[in-house]
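Coordinate analysis (summary)
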Amino acid sequence: MGEMRVHDKQFEPYISAEKIADRIKEIAGKLNKDYTGRKPLFIAILNGSFMFAADLFKELAIDAEICFIKLASYKGTKSTGHVITAIGLDMDLFGRDVVIVEDIVDTGKTLSEFLPQLHHQQPASLKIVALLHKPEATVFPITIDYLGFSIPNKFVVGYGLDYDGLGRNIPEIFKLIE
Ligand code: 5GP
């Protein structure tokens, strides 16, 4: 694919569908090994991770469950400040091996606020798989246990990721031309 326009911006090909598929197979191979006999619960964070979660889940050969949640942020009281809540998290995490599936970790703010809420439910383990990570953008350091690709601090679209609602259907990852 050549360059692509989404809304008012121009993007160039960055990570091909084939590269994504190969990397997902590698990650799934590790997960298959690490979670044999443990029946992990994958929690995919919508919207951006839907495509990655689906492709990753297809490559799992172990018994595993998956659920999809949305994170909503709102302003709490003065003492609680900014609060993130999970919509659709109807599973009991107590004693479960939980794996969070995220599209991209940028500043780390989303996960650093959300992970303590999950720990509160006392899962047996809590790991993170992310397709993309922007190390240069880190403000809240997050340990990513299974990572697809480290990328520079550039805006990307495609493969589930949007620019103002569009671009999620592009089967590969494109990078903003600046
Ligand atoms: P964080 O809380 O780590 O700063 O941001 C994570 C969220 O920001 C991601 O789940 C994603 O929705 C959004 N995000 C961060 N970087 C990008 C990007 O380059 N492209 C798109 N489409 N979304 C991004």
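Preceding this paragraph is the structure being described.
The structure reproduced in this document is the subject of the present report. (Residues numbered from 1 in each chain as written. Predicted model: local features only at pLDDT ≥ 70, side-chain atom pairs only at ≥ 80, totals over all residues. Heavy atoms only, no water.)

In space, the six strands of this open sheet follow the order E5-E4-E3-E6-E7-E8, with mixed pairing throughout. Each of the sheet's edge strands pairs with one partner strand only, and the pair in question is strand E5 (82-87) and strand E8 (146-150). For this sheet, the mean angle separating the axes of adjacent strands, direction not counted, is 25°. Of the strand pairs in this sheet, strand E3 (residues 41-46) and strand E4 (residues 65-75) are connected by six bridges, and their pairing is parallel. In the strand pairing of E4, Leu-41 is matched with Glu-65. Strands E3, E4, E5, strand E6 (97-105) and strand E7 (125-133) of the sheet are contacted by helix H3 (residues 109-119), whose axis makes an angle of about 65° with E5. (Pairing = 2+ DSSP bridges. Helix = DSSP H or I, 4+ residues; strand = E, 2+ residues; numbered from the N terminus. Axes fitted to C-alpha atoms, helices over the stretch in contact; angles between N-to-C directions. Contact = heavy atoms within 4.5 Å.)

Near the ligand lie 15 residues; those nearest to it are Thr-107, Thr-110, Lys-134, Val-156 and Asp-162. Contacts to the ligand include Asp-106, whose backbone N or O atom sits 2.9 Å from an oxygen atom. Protein contacts shield 79% of the accessible area of the ligand, which totals 510 Å² for the unbound molecule. If you map the ligand onto the pockets, it falls in the largest pocket. If you list the elements that add at least two residues to the shell around the ligand, you get E6 and H3. Broken down by element, the shell around the ligand gets its largest block of residues, four residues, from E6. For the shell around the ligand, the per-class residue count stands at five nonpolar, three polar and seven charged. (Near = heavy atom within 4 Å. Polar contact = N/O pair within 3.5 Å; in protein donor to acceptor, adjacent residues only side chain to side chain. Areas by Shrake-Rupley, 256 points an atom, 1.4 Å probe, with all protein chains shown as cover. 1 Å grid on protein atoms, 1.4 Å probe; cavity = no way out; pocket = protein on both sides within 12 Å on 5 of 7 lines; lining within 4 Å. Sits in = over half its atoms within 2 Å of the grid points. Nonpolar A, V, L, I, M, F, W, Y, C, P; charged D, E, K, R; others polar.)

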